[in-house]
Amino acid sequence: MNGSQSEQSGLAATSASRGTEPILPLPALAPPRLAARLGPVRRVMFFGKSMSRTRCTGGLVDALERHGVEVRWRNMVTLRRWFGQALANRLARAEFRRFRPDTVFVFYRDLPLLLASEFRQSARLVIWCEEALENLDETILDYFAQADLVCMSNPQRFAWLRERGLDNMVFLMSGFSPRYHRAAPKQPFLRDVAFIGSPGRRGQRAEFLAPIGKRFHTEVFGLHWERWPHLCQDLRVHAPIDNRRYAKVCATSRIVLGLNEVNDDSYYFSNRTFLTLACGGFHLTHYVPKLENVFKNGEHLAWYRNEDEALQQIEHWLPRDDERARIAAGGHAEVMQHHQYFHRVARILHCLKEGVPKATGPDVELIDAMLAVPERRPNAAAPRRKHES
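Attention in this report is confined to the structure presented alongside it. Everything quoted here is computed from the prediction, not taken from an experiment.

Calculation notes
- Residues numbered from 1 in each chain as written.
- Predicted model: local features only at pLDDT ≥ 70, side-chain atom pairs only at ≥ 80, totals over all residues.
- Heavy atoms only, no water.
- Helix = DSSP H or I, 4+ residues; strand = E, 2+ residues; numbered from the N terminus.
- Buried < 20%, exposed > 50% of the residue type's maximum accessible area, 1.4 Å probe, protein only.
- Contact = heavy atoms within 4.5 Å.
- Areas by Shrake-Rupley, 256 points an atom, 1.4 Å probe, with all protein chains shown as cover.
- Patch = residues over 30% accessible without salt bridge, like charges linked within 9 Å, V, L, I, M, F, W, Y side chains within 5 Å.
- Salt bridge = Lys/Arg side-chain N within 4 Å of Asp/Glu carboxyl O.
- Pairing = 2+ DSSP bridges.
- Axes fitted to C-alpha atoms, helices over the stretch in contact; angles between N-to-C directions.
- Phe/Tyr/Trp six-rings, centres within 6.5 Å; stacked < 30°, edge-to-face > 60°.
- Lys NZ or Arg CZ within 6 Å of the ring centre and 35° of its normal.
- Expected span 1.5 Å × (residues − 1).
- Parallel < 35°, antiparallel > 145°, perpendicular 65-115°, else oblique.
- Left-handed = near helix turned anticlockwise from the far one by under 90°.
- Nonpolar A, V, L, I, M, F, W, Y, C, P; charged D, E, K, R; others polar.

**Regarding the overall build of the chain**
Next up, step 1: Helix and strand content of the chain: 15 helices and twelve strands.
Next up, step 2: Considering the chain as a whole, with its 389 residues, one finds that 56% of them fall into the buried category.
Next up, step 3: A separation of at least 24 residues holds for 70% of the contacts in the chain among residues at least 6 apart in sequence.
Next up, step 4: As displayed, the chain has an accessible area near 17,500 Å², and 51% of this comes from carbon and sulfur atoms.

**A word on a nonpolar patch on the surface**
Next up, step 1: On the surface, Trp82, Phe83, Leu87 and Leu91 cluster together into a nonpolar patch covering about 390 Å² of accessible area.
Next up, step 2: Of all the elements in the fold, those that place two or more residues in the nonpolar patch are helix 4 (76-83) and helix 5 (85-99).
Next up, step 3: Tracing the sequence through the fold places Trp82 in helix 4.

**So, the sheet that holds strand 6 (residues 169-171)**
Next up, step 1: One open sheet accounts for six strands, arranged 2-1-3-4-5-6; its pairing is parallel. The open sheet is flanked by strand 2 (70-74) and strand 6, the only strands paired with a single partner. Across the sheet, the axes of successive neighbouring strands diverge by a mean angle of 20 degrees, strand direction being ignored.
Next up, step 2: Bridging between strand 1 (residues 43-47) and strand 2 involves five bridges; their strand directions are parallel. Each residue of the ladder has a partner; that of Phe47, found in strand 2, is Arg74.
Next up, step 3: The strands that helix 14 (residues 341-354) touches are strand 3 (103-107), strand 4 (124-129) and strand 5 (149-152); relative to strand 4, the one it contacts most, it runs at about 145 degrees.

**What about the packing of aromatic side chains?**
What characterises a pair of aromatic rings is the spacing of the ring centres plus the angle enclosed by the ring planes.
Next up, step 1: Summed over the entire model, instances satisfying the criterion amount to 14 aromatic pairs.
Next up, step 2: Note on Phe47 and Phe119: the rings are 6.1 Å apart at their centroids and 25 degrees apart in plane angle, and the pair reads as stacked. With a gap of 72 residues between them, Phe47 in strand 1 and Phe119 in helix 6 (residues 113-119) connect regions that are remote in the sequence.
Next up, step 3: A centroid spacing of 5.3 Å and a plane angle of 50 degrees characterise the contact between Phe282 and Trp317, whose relative ring orientation is tilted. On the criterion of sequence distance, the pair formed by Phe282 in the loop between helix 11 (272-278) and strand 11 (283-286) and Trp317 in helix 12 (residues 307-317) is long-range, its members being 35 residues apart. Both residues of the pair, Phe282 and Trp317, belong to the buried class.
Next up, step 4: Site record: aromatic cluster; members linked through ring pairs are Phe46, Trp73 and Phe105.
Next up, step 5: Over the ring of Phe99 we find Arg43; its NZ or CZ atom is 4.3 Å from the centre of that ring.
Next up, step 6: The lysine or arginine in question, Arg305, covers the ring of Tyr287, its NZ or CZ lying 4.1 Å from the ring centre.

**Regarding the pattern of salt bridges**
Next up, step 1: All chains considered together, the criterion is met by 20 salt bridges.
Next up, step 2: A salt bridge links Glu95 to Arg74; the nearest nitrogen and oxygen atoms lie 2.8 Å apart. Linking Glu95 in helix 5 with Arg74 in strand 2, this pair joins segments that are 21 residues apart in sequence. Of the two residues, Glu95 and Arg74, neither departs from the other in class, the shared state being buried.
Next up, step 3: Residues Glu163 and Arg164 are paired through a salt bridge, measuring 3.4 Å at the closest nitrogen-oxygen approach.
Next up, step 4: Residue Glu163 is classed as exposed on the basis of its relative accessible area, which comes to 64%.
Next up, step 5: Arg164 gets classed as partly exposed once you look at its relative accessible area, which sits at 36%.
Next up, step 6: Bridged by salt links that share partners, the residues Glu134, Arg201, Arg205 and Glu261 form one connected network.

**Focus on helix 14**
Next up, step 1: Between its first and last C-alpha atoms helix 14 spans 20 Å; for 14 residues at 1.5 Å apiece the expected length is 20 Å, and the two agree.
Next up, step 2: With eleven of its 14 residues buried, helix 14 lies for the most part within the structure.
Next up, step 3: All of the buried residues along helix 14 are Tyr341, Phe342, His343, Arg344, Val345, Ala346, Arg347, Ile348, Leu349, Cys351 and Leu352.
Next up, step 4: Looking at the residues trailing helix 14, positive phi occurs at Gly355, about 105 degrees.

**Digging into the packing of helix 4 against helix 5**
Next up, step 1: Packing of helix 4 against helix 5 brings their axes to within 7 Å, and their N-to-C directions diverge by 130 degrees. Taken as axis vectors, helix 4 and helix 5 run oblique relative to one another. Two packed elements cross with a definite hand, and for helix 4 against helix 5 that hand is right-handed. Along its contact with helix 4, which presents Met76, Leu79, Arg80 and Phe83, the element helix 5 presents Gln85, Leu87, Ala88, Asn89, Leu91 and Ala92.
Next up, step 2: Classifying every residue of the contact of helix 4 with helix 5 by side-chain character gives seven nonpolar, two polar and one charged.

Have a look at this one:
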């Protein structure tokens, strides 16, 4: 259940018995604009699920701490499960008052809209969104409107949001944290091709992989593959894996295949691209427009554009161990230097202190402006934090 759904469940008269809050009108006050609230970030209250497989939330918290920010991480899903919606919200409010953050950081919509609208009155609100946002609706618009800054990895959706009055978006790709994703020791190969992820909402990935499995030793790791049994007859299906096993799969696979949920949006691709390169895997992924502005084909990774080309590329790369190792090393060096969450957070902190770089032309100019912001070099990993609740 997401934040907007949970806030609308039940009537005021029965909400207490259901463990939810009564429906309350949101404040009529328009969200304060970032330009009036610029300044350094010192204390962040972070809301997000644990995401034990991708470690996206943990990576962002780790990056904030490596920049010297004091972070309090809370998981509203866990709090709701333990205490119910109403008490979970009261606990979050109480901690917000005690901690007094200058910034609230939300992973997509992992904070109920009601709380987001309250907290942004006295703290800047940053929303991090790695979703493709294929189906935009008014609930997303209402949520994003609360934020001082919406960090989106799919700039293709900027135009729709601008047409509806939002101008608080910045383009930031996904990334990784070396605390969670790093290369495993070299070991013998166990398979030709590995794919880590789901079969796709429409089974499109399972359909794509079926002919690959007929020709090459292919193994997949993820949920819901049992829903497409007729497409998995030649695939070896395994359970989902955590970050440690992710590195091991990369080390024991000749090719780690990339299959995006969306392939037509400029600059938008799966975060598994960063995770695979961080773990030292040779990554053969589906091309998306502008990918060549981020990675070089044959230098950091390799790409294909359709099923036939994927089969040809797999056949080409399988016997070339030395070339694959060279490219994997190049990809690993590239993401370590430019694509850690540390680098993404550096841009966020810059925007909150100095303002968002503005472009007068198309979105690609906004992207160029964001990428021109100087980056700090990552320092040593932050001290171990207390477990989030």
